[in-house]
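What the coordinates show
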Amino acid sequence: MRIGVIEILYHHVFLYSLASIAKESGEDVTIFTTKELYNLVTPLFKDRVKNYKWVIKGENENVISFLKRVEKISAKELDLLFVNTIQGFWCIPAAFFTPRCRAILVAARSQEWFGNRLRFYIPHTKNSLIDLFRQNLSYIMRKKILPKYDGVVVHTESFKKYIQRYRYKKPIFVIPFAICECDSLVKKDFRKINFIVVGGIEEHRRDYDVLLKAFRKLWLSPYRERISLTLIGRPVGEYGKMVIKECKELKEKGYAIKFFEGYIPETVFMEEVKKGDILISPIKLENYPCGGTTSAVVEAIRNAKPGIYPKGYAVQEEVLSSSLFYDGDEGLVDLIENRLVKESKGMEELCKNAVLNSEKFSLNRMAKYFQEYIIKGLN
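A brief look at the structure comes next. (Residues numbered from 1 in each chain as written. Predicted model: local features only at pLDDT ≥ 70, side-chain atom pairs only at ≥ 80, totals over all residues. Heavy atoms only, no water.)

1. Describing the nonpolar core
Note the cut-off: Among buried residues, those of type Ala, Val, Leu, Ile, Met, Phe, Trp, Tyr and Cys that are joined through side-chain atoms within 4.5 Å constitute a nonpolar core. A simple rule labels every residue: compare its accessible area, found with a 1.4 Å probe on the protein chains alone, to the largest value its type can have, and call it buried under 20%, exposed over 50%, or partly exposed in between. In this description a helix means any DSSP run of H or I spanning at least four residues, a strand means any run of E spanning at least two, and both kinds are numbered starting from the N terminus. For this analysis, residues touch if any pair of their heavy atoms sits within 4.5 Å.
Core analysis: the largest hydrophobic core is formed by 88 residues, its most contacted members being L81 and F370. For this core, the element with the highest residue contribution is helix 1 (residues 12–24), accounting for eight residues. Once residues within four sequence positions are removed from consideration, L81 is found in contact with G4, V5, I6, F32, V70, F97, P99, C101, R102, A103 and I104. Formed by 38 residues, the second largest nonpolar core is a distinct cluster that contains I193, A214, I280 and M347.

2. A look at the pattern of salt bridges
Quick reminder of the rule: Any carboxyl oxygen of Asp or Glu within 4 Å of a side-chain nitrogen of Lys or Arg constitutes a salt bridge here.
Summed over the entire model, instances satisfying the criterion amount to 18 salt bridges. Between E266 and R302 there is a salt bridge; the shortest N-O distance is 3.5 Å. Taken together, the residues E266 in helix 10 (residues 266–275) and R302 in helix 11 (residues 295–302) connect sequence positions 36 residues apart. Note that E272 is salt-bridged to K275, the shortest N-O span being 3.6 Å. Of this pair, E272 and K275 both sit in helix 10, three residues apart, roughly one helical turn. Salt bridges sharing common partners tie together K68, E71 and R100.

3. Quick word on the side chain of T230
The condition that has to hold: Polar contacts here mean pairs of N or O atoms no more than 3.5 Å apart (in protein, one a potential hydrogen donor and the other a potential acceptor; neighbouring residues in sequence count only if both atoms are side-chain atoms).
Inspection of the secondary structure puts T230 in strand 9 (residues 227–232). T230 sits in the buried class, given a relative accessible area of 6%. A polar side-chain atom of T230 sits 3.3 Å from a polar atom in the side chain of N194. Those residues in contact with T230 that lie beyond four places of it in its chain are N194, F195, I196, V197, K258 and E272.

4. Describing the packing of aromatic side chains
As a reminder of what qualifies: We call Phe, Tyr and Trp rings a pair once their centres come within 6.5 Å, taking the six-membered ring for Trp, and we label the pair stacked below 30 degrees between planes, edge-to-face above 60, and tilted otherwise. Placement of a charge over a ring requires the Lys NZ or Arg CZ to be within 6 Å of the ring centre, with the centre-to-atom vector within 35 degrees of the ring normal.
Under the defined criterion, the tally for this structure stands at 15 aromatic pairs. Aromatic ring contacts, followed pair by pair, group Y16, Y38, F45, Y52 and W54 into a single cluster. Looking at K251, its charged tip hangs above the ring of F259, at a distance of 5.7 Å from the centre.

5. Notes on the sheet that holds strand 10 (residues 257–258)
Under the convention used in this document: Strand pairing requires that DSSP identify at least two bridges connecting the strands. Here an angle of 0 to 180 degrees is reported between the N-to-C directions of two axes, which are lines fitted to C-alpha atoms, with helices fitted over the stretch in contact.
Reading across the sheet, the six strands line up as 10-9-8-11-12-13 and stay open at both edges, with parallel pairing between neighbours. For this open sheet the edge positions go to strand 10 and strand 13 (323–326), each flanked by a neighbour on one side alone. By the bridge criterion, two bridges tie strand 9 to strand 10 in an arrangement that is parallel. Pairing of L229 across the sheet is with I257, part of strand 10. Together, strand 8 (193–198), strand 9 and strand 10 form the strand contacts of helix 10, whose direction differs from that of strand 8 by roughly 140°.

6. Regarding helix 11
Within helix 11, seven of the eight residues are buried, which leaves it mostly tucked inside the rest of the structure. Considered for burial, the residues of helix 11 that qualify are A296, V297, V298, E299, A300, I301 and R302. Two residues or fewer past helix 11, A304 is found with a positive phi of approximately 55°.

7. Structural notes on helix 12 (residues 328–341)
How we decide: Multiplying one less than the number of residues by 1.5 Å gives the expected span of a helix.
Here helix 12 contains 14 residues, and its C-alpha end-to-end distance of 18 Å stays within 8% of the 20 Å for a straight helix at 1.5 Å per residue. Of the residues making up helix 12, those classed as buried are D329, L332, V333, L335, I336, E337, L340 and V341.

8. Focus: unusual backbone geometry
In the Ramachandran plot, K46 falls in the positive-phi region, its phi being about 55° despite a non-glycine side chain. Inspection of the secondary structure puts K46 in the loop between helix 2 (35–45) and strand 3 (53–56). Of the residues examined, K46 reaches a relative accessible area of 59% and is grouped as exposed. Notably, A304 is not glycine yet its phi reads approximately 55°, a positive angle.

In structure tokens form, the structure reads like this:
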């Protein structure tokens with residue numbers, strides 16, 4: 001089968017995952033994307049870039065023209081097209097885009113496609129009017145967009161069940177946002193533990209106040225020399241600047257903290273994650289009422305590492321045994337001290353579970369799923 005994957009907005013990691021799974025299952029794969037995303041995703045493909053056909057949006061080509069080009073190519077050269085990341089203002093051109101072959105919509109933000117409704121106010125958002133317009137736009141456009149597709153893809157079983165509650169009649173496929181291709185080796189020496197936080201330093205997404213308050217206490221404890229913290233994300237806005245300023249103050253005091261003040265190249269990002277022992281995700285729960293594939297979960301999966309999340313966050317079942325949960329800064333301090341630092345067996349068990357869990361997201365396993373449920377299921 002000739003398969004196409006289109007991504008022109010954000011998610012280069014899933015673009016890589018989906019294309020790799022389709023290729024591993026024995027299919028021919030064409031990737032439609034932008035120059036910016038091509039530059040982000042090629043470090044993941046490495047020398048396998050040449051195994052795919054690439055169609056790149058021209059620098060002076062508008063979205064409508066590019067999508068019309070995709071329509072023509074899909075009519076002549078494709079049997080199945082996956083369309084990823086339709087959200088916000090992207091709904092407008094997407095509403096006029098009609099794939100000329102069988103097509104599957106990646107409905108990662110399932111609430112916007114199935115549970116959304118017209119709203120007059122959205123709490124917990126900084127740019128409330130813009131966010132309100134985007135959400136209402138997706139509500140209006142979904143009735144025009146959804147019927148064009150032969151099924152949808154989500155990233156977790158919980159989102160599949162969520163969509164089923166709305167009596168969606170077409171196939172719902174589960175393909176993880178990330179696959180694991182790392183060397184699954186369990187570290188034995190946990191005398192020093194490097195905690196890492198991934199994702200942009202943004203006020204509406206993550207609570208760095210609780211995070212840094214907890215680590216200030218940890219660095220005043222007897223375990224100071226055993227704990228380090230790395231923030232792998234660029235600062236955004238005034239809040240980001242404020243967090244970086246606090247990080248600099250902590251570093252000047254001699255605490256083991258590392259951070260970045262600007263854009264982080266993909267290769268640097270990947271290397272820093274590999275150096276970490278366990279991820280912390282200080283996300284704000286109000287933004288993720290149904291859980292979801294946040295950056296920490298993604299990196300936990302593709303790097304076979306355990307994760308720490310706020311209490312109440314709905315982690316997907318496959319990684320539950322390699323996940324811990326905290327409640328506030330005191331809860332985070334207690335968890336790190338008593339579950340991870342004092343008792344090294346706690347870290348060792350978590351890491352072993354993370355390796356076992358990562359096997360559920362292996363390329364080979366996902367390719368078998370793709371072949372059985374998507375290729376054969378749609379034929």
